[in-house]
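Read off the chains here:
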Amino acid sequence: MIITLEQVQGSVPVTIMGLQGELDASNYQEVIAAARDAYHSGCRYMLVDMSRVNFMSSSGIVALHSVAMLMRGEQLHDLEAGWNVLHAIQHDLDTGIQQRVKLLNPQPKVLLTLEKTAMDTFFEIHMDRQAAIQAFS
Amino acid sequence: MSKPALIELHASLNHLAVLRRFVHDQALLLGLDESEAYDLMLAMTEAVTNILLHGYPNQEGWIAIEMFAEANGAMLVIRDAAPGFDPTQAGASKLKNQAPDRPSGGMGIAWIRQFTDRMQYQPLASGGNQLLLFKMRKAKGTEVSDDNHA
């Protein structure tokens, strides 16, 4: 998994996290670690560029949810404690879309996965980079 | 009928991508389309991830995947030597807006159900597990229900 970070300025400062590769249990913690580092560097709004992610397993869902928790300043659950992680995701799905993390241009199969898992009710999904940046406020 | 294709690897998360390539290529050879092959890759990834994280948490092991044609689709068989675990008896939840009902691997099991048409478990006589996942080849213009699991 190749991870890049880029700072841009919209209504608020936004960090664009670019992901490239296949997102699964072998590398999802790299995504979380990169988001944690960005948070400690002051990042509070993140746009995750999914355009070069050509596969995503449920570990990717856990990673994206963890990124949202980090941007909200919340403590992450123990990732080995599957029950707690899944309940946290379920709870957040019930609360609706959050504003700290948005997704950019997921490939069709990954988008379908996000829709089937209802993660599209938790993350705004944008297909246009500028529109996505401006959507943060 | 073509012979079954088999891959056997040391149990490691680093091998997930290799296993996906195998499943993708075999699925296409067996007549599935790209979308069906992707679903089978997803289901295999979830099943093998559960085995690696929960079946072999602190021990060496192996994973074997066999694929062959079955009527109207492709069968994928995952074998391992981890302690016995029957995923068909766990995680009966549906994906959308329902909490999984298993402490670990719950989401993965829900995904296996969601992205395949049949899931069947058999313990291996030698110890270990055998999970059979069937993906139906859709006829043109037809849709497969999500509710037709074994």
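Keep in mind that this is a model prediction, so the values were computed, not measured.

1. A closer look at the overall build of chain B
Thought 1: Secondary structure summary: chain B contains 3 helices and 5 strands in total.
Thought 2: Along chain B, helices and strands appear, N-terminal first, in the series β-α-α-β-β-α-β-β.
Thought 3: Among the 150 residues that make up chain B, the fraction classed as buried is 53%.
Thought 4: For chain B, the accessible surface area stands at approximately 6900 Å², while carbon and sulfur atoms represent 52% of it.

2. Thoughts on the packing of helix α1 (residues 28-40) of chain A against helix α2 (residues 58-71) of chain A
Residue and element names in this part refer to chain A.
Thought 1: Taken N-terminus to C-terminus, the directions of α1 and α2 make an angle of 10 degrees; their axes are 9 Å apart at the nearest point. Viewed along their axes, α1 and α2 adopt a mutual orientation that is roughly parallel. Packed against α1, whose contacting residues are Tyr28, Val31, Ile32, Ala35, Arg36 and Tyr39, the element α2 presents Ser59, Val62, Ala63, Ser66, Val67, Leu70 and Met71 at the interface.
Thought 2: Looking at the contact of α1 with α2 residue by residue, the classes come out as 10 nonpolar, 2 polar and 1 charged.

3. Thoughts on helix α1 (residues 16-29) of chain B
Thought 1: Taking 1.5 Å of rise per residue, the 14 residues of α1(B) would be expected to cover 20 Å, and the 20 Å separating its terminal C-alpha atoms lies within 8% of that figure.
Thought 2: For α1(B), the secondary structure elements touched by its buried residues are β2 (13-23) and β3 (46-56) of chain A together with β1 (5-10), α2 (34-55), β2 (62-70) and β3 (73-80) of chain B.
Thought 3: Two residues or fewer past α1(B), Gly31(B) is found with a positive phi of approximately 100 degrees.

4. With respect to the sheet that holds β3(B)
All names here are of chain B.
Thought 1: If you trace the 5 strands from one edge of the open sheet to the other, you get β1-β2-β3-β5-β4, paired in antiparallel fashion. At either end of the open sheet lies a strand with only one pairing partner, and these are β1 and β4 (118-123). On average, each strand axis in the sheet is inclined to that of its neighbour by 15 degrees, with strand direction left out of account.
Thought 2: Pairing between β3 and strand β5 (residues 129-136): 8 bridges, direction antiparallel. Bridge assignment links alanine 74 to a residue of β5, and that residue is lysine 135.

5. Points about the environment of Ile125(A)
Residues and elements named next belong to chain A.
Thought 1: Note that isoleucine 125 resides in strand β5 (residues 124-126).
Thought 2: Since its relative accessible area comes to 27%, isoleucine 125 is described here as partly exposed.
Thought 3: Between the C-alpha atoms of isoleucine 125 and leucine 111, which are 14 residues apart in sequence, the distance is 8.9 Å.
Thought 4: In this structure isoleucine 125 touches Leu103, Pro106, Leu111, Leu114 and Asp120, once residues within four positions along its chain are discounted.

6. Here's the deal with the environment of Leu30(B)
Thought 1: Looking at the secondary structure, you find Leu30(B) in the loop between α1 and α2.
Thought 2: Exposure remark for Leu30(B): the relative accessible area of 11% places this residue in the buried category.

7. Topic: the pairing of β5(B)
Residue and element names in this part refer to chain B.
Thought 1: Summarising burial for β5: 7 of the 8 residues are buried, a large majority.
Thought 2: Note that β4 and β5 share 6 bridges and pair antiparallel. Along β5, the bridge assignment pairs glutamine 122 with glutamine 130.
Thought 3: Following β4, the chain reverses through 5 residues before pairing antiparallel with β5; glycine 127 in that reversal takes a positive phi of roughly 95 degrees.

8. Comments concerning the packing of aromatic side chains
Residues and elements named next belong to chain A.
Thought 1: This structure, assessed with the given rule, holds 4 aromatic pairs over all chains.
Thought 2: Relative to phenylalanine 123, the ring of phenylalanine 122 has its centre 4.9 Å away and its plane inclined at 75 degrees; by these criteria the two rings are edge-to-face. There is no split in this pair, since phenylalanine 122 and phenylalanine 123 are both buried.
Thought 3: The lysine or arginine in question, lysine 102, covers the ring of phenylalanine 136, its NZ or CZ lying 4.8 Å from the ring centre.

Basis of the calculations
Residues numbered from 1 in each chain as written. Chains lettered and ligands numbered in written order. Predicted model: local features only at pLDDT ≥ 70, side-chain atom pairs only at ≥ 80, totals over all residues. Heavy atoms only, no water. Helix = DSSP H or I, 4+ residues; strand = E, 2+ residues; numbered from the N terminus. Buried < 20%, exposed > 50% of the residue type's maximum accessible area, 1.4 Å probe, protein only. Areas by Shrake-Rupley, 256 points an atom, 1.4 Å probe, with all protein chains shown as cover. Axes fitted to C-alpha atoms, helices over the stretch in contact; angles between N-to-C directions. Parallel < 35°, antiparallel > 145°, perpendicular 65-115°, else oblique. Contact = heavy atoms within 4.5 Å. Nonpolar A, V, L, I, M, F, W, Y, C, P; charged D, E, K, R; others polar. Expected span 1.5 Å × (residues − 1). Pairing = 2+ DSSP bridges. Phe/Tyr/Trp six-rings, centres within 6.5 Å; stacked < 30°, edge-to-face > 60°. Lys NZ or Arg CZ within 6 Å of the ring centre and 35° of its normal.

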